[in-house]
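# Understanding the architecture of this molecule
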Amino acid sequence: MPAPRVLLINDNNLEPPVAPLALDYLGAALEEEGVEPVLADLVWAGDGYRFLAELIDKNGPFCLAALTVRNIDDSSSQTRKFYLPRVRELVAWLGEEFGLPVVLGGCGFSIMPREVLVFCGAGYGIWGDGEEALAELARQLHAGQTGAGREVSGIPGLLANADGRVRFYPPRYVSLAQKELLSRRGLVDNHRYFVQGGQGSAETKRGCDRTCTYCADPLGRGDVQRLRPPQHLLWELQSLLAQGVHCLHLCDAEFNLPPEHAAEFCRSLIESGLSRELSWYAYCSPVPFTAELAGLMKRAGCVGINFGVDSANEAILSALGRDHDRRALQRTAELCHLNGIPFMADLLLGGPGETRETIAESISFMKELDPLAVGISLGIRLYKYTPLGRKIRGEGPGKNWRQSLQGEVEGNEDFLRPVYYFSPSLGENIHEFILELTGDDRRFFSLGDPREERDYGYTENRVLMEAIAEGHRGAYWHILKKIQESG
Ligand code: B12
């Protein structure tokens, strides 16, 4: 019997292009399990439908098309772009033209698996890690096609959709300790993504055990941390270097959680000498961040950190479920300055309890901390299953919703289409108020900023795309900052 063959599709056409890291990992996992992966990266395809039709003709038959859904929307309350209609169209076409079963997965998908699945009309979804589940689904479907099969069942994280009725098996977040295969990075054209997208990618672990009220990461990636052995990462980074990728953005939700693992990763980079060959950026939590970790990160090649600061008002921080305070922010900023690590502080303004005074307090405190850049995101994207999303949904449509929600509220009770929470105490013209506070201070960027050079949305960002075409590499906020300084 020929091996089952799976078509892996990336349709994320946002620019600058970000490599579909998930498909590199999934491809290696399929190979390991005796399933043949064929990549259809529509980012490079021009006419994606035509490309796909030719590829299916030439390389078929496939037992399954697996589509990665990274973004549901752009997470910007200003632009509120919704990306799923495009996915739905592709799913329908694959079914109509080729009778191909489609499975969806990905960090966007896993935020609201059932809702995304039903909206897009795919037959299957995998919530959470895909490595083991996808191979098992392919095997079961392949066996079904060849007559030896049974009904697809029992796969952790599987959702099976029969005309809107969804069967569901809870996900199992597997240990990554033995997953050496993640180091291969051989399926995706990482070099091309590096040249056109300006950065590579890798994960040091999965999952986040924090309970920030608005955050979807524990839903999508699991709330149990699963660490990768540093040796596997070294092999992975060597593979990327061999492909010409020497500057990365780590894809951990928070690199410094847990701090011991972050430190171990840094030490192994330093000891192996790889720290001299590549540079990297990370998202970090403001705590825990110690002098030792800052020093190690610097020596290990870290050239920039993006901190999820959210606010500098302690009551707001506590309402958001954060575990840092102003003192900790001060200390973390000092350590970065001391170690010469450029950093960006991300503010998430407009949440529960926010007023003009608390916004002014946060902006003024950021000026004191003096990061290289501050990113302002106004309004909180609500997701159905986060603590904040549950609370707001619990209130039910009514006066509170009318006073505090923006976006598509009518007929969107699941919050699948973009909906944003804005504290009712903010008053009119809050964007203008923030623009006044930040004024000519070019450290401040905001999502959807009317001044192009101060917009830090990373989708269709012309300034960024031109800079990358000119050869800039690195985290997008850092590239934007360099362009600003050179202009
Ligand atoms: C790192 C990161 C970035 C970096 C990317 C750096 C890089 N070089 O890759 C930067 C800063 C550039 C970035 C930009 C943006 N990002 Co971002 N980003 C992330 C982050 C933290 C990690 C993504 C990642 O690569 N993970 C690692 C891979 C391996 O995990 P994975 O994709 O989940 O794949 C696993 C499973 O999901 C599954 N799987 C994946 N695909 C499939 C497919 C099938 C068929 C199956 C079965 C399984 C499966 O298997 C994989 C392995 O187990 C996530 C949050 C998070 N913690 O996941 C946000 C996240 C994806 N980003 C998000 C957003 C909104 C954006 C932007 C749109 C922001 C903006 N307005 O500019 C842009 C879009 C850029 C683009 N071109 O797509 C949102 C999307 C949410 C939403 N509402 O849609 C997320 C979820 C953060 C959040 N909670 O808000 N991002």
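Everything below is about the structure shown above.
Now for a description of the structure that goes with this document. (Residues numbered from 1 in each chain as written. Predicted model: local features only at pLDDT ≥ 70, side-chain atom pairs only at ≥ 80, totals over all residues. Heavy atoms only, no water.)

### Here's the deal with the pairing of strand 3 (residues 64–68)
Burial runs high along strand 3: 5 of the 5 residues are buried. The two faces of strand 3 match: Leu64, Ala66 and Thr68 on one face and Ala65 and Leu67 on the other face are all buried. As paired elements, strand 1 (residues 5–10) and strand 3 share 5 bridges and run parallel to each other. From the neighbouring strand, Asn10 faces strand 3, where its bridge partner is Thr68. One ladder, built from 4 bridges, connects strand 3 with strand 4 (residues 102–105); its direction is parallel. Within strand 4, the position partnered with Ala66 by the bridge is Val103. Regarding the hand of the β-α-β motif, the stretch spanning strand 3, helix 3 (residues 84–98) and strand 4 is right-handed. (Buried < 20%, exposed > 50% of the residue type's maximum accessible area, 1.4 Å probe, protein only. Helix = DSSP H or I, 4+ residues; strand = E, 2+ residues; numbered from the N terminus. Pairing = 2+ DSSP bridges. Right-handed = clockwise from strand over helix to strand, strands pointing away.)

### Notes on the site of the ligand
In the vicinity of the ligand there are 44 residues, among which Thr68, Ile72, Glu131, Tyr383 and Tyr458 approach most closely. In the environment of the ligand, an oxygen atom lies 2.5 Å from a nitrogen or oxygen atom belonging to the backbone of Ile72. Contact between the ligand and Asp74: a nitrogen atom at 2.9 Å from a main-chain N or O atom of the residue. Counting residues per element, the ones that place at least two in the shell around the ligand are helix 1 (21–32), strand 3, strand 4, strand 8 (200–202) and helix 7 (217–221). Take the shell around the ligand: its biggest share by element is 4 residues, from helix 1. Shared between two domains, the shell around the ligand takes at least three residues from each, and those domains are domain 1 (5–168) and domain 2 (180–379 + 422–486). (Near = heavy atom within 4 Å. Polar contact = N/O pair within 3.5 Å; in protein donor to acceptor, adjacent residues only side chain to side chain. Domains from an automatic or database assignment.)

### Some details on the packing of aromatic side chains
A full pass over the atoms with the stated rule returns 14 aromatic pairs. Relative to Phe415, the ring of Trp401 lies with its centre 5.4 Å away and its plane at 45°, an arrangement referred to as tilted. Of this pair, Trp401 sits in helix 15 (residues 399–404) while Phe415 is found in the loop between strand 17 (405–407) and strand 18 (419–421), placing the two residues 14 residues apart along the sequence. Pair check on accessibility: Trp401 and Phe415 agree, each one buried. Over the ring of Phe365 we find Arg326, and its NZ or CZ is 4.1 Å from the ring centre. The aromatic ring of Phe433 is capped on one face by Arg356, whose charged end is 4.7 Å from the ring centroid. (Phe/Tyr/Trp six-rings, centres within 6.5 Å; stacked < 30°, edge-to-face > 60°. Lys NZ or Arg CZ within 6 Å of the ring centre and 35° of its normal.)

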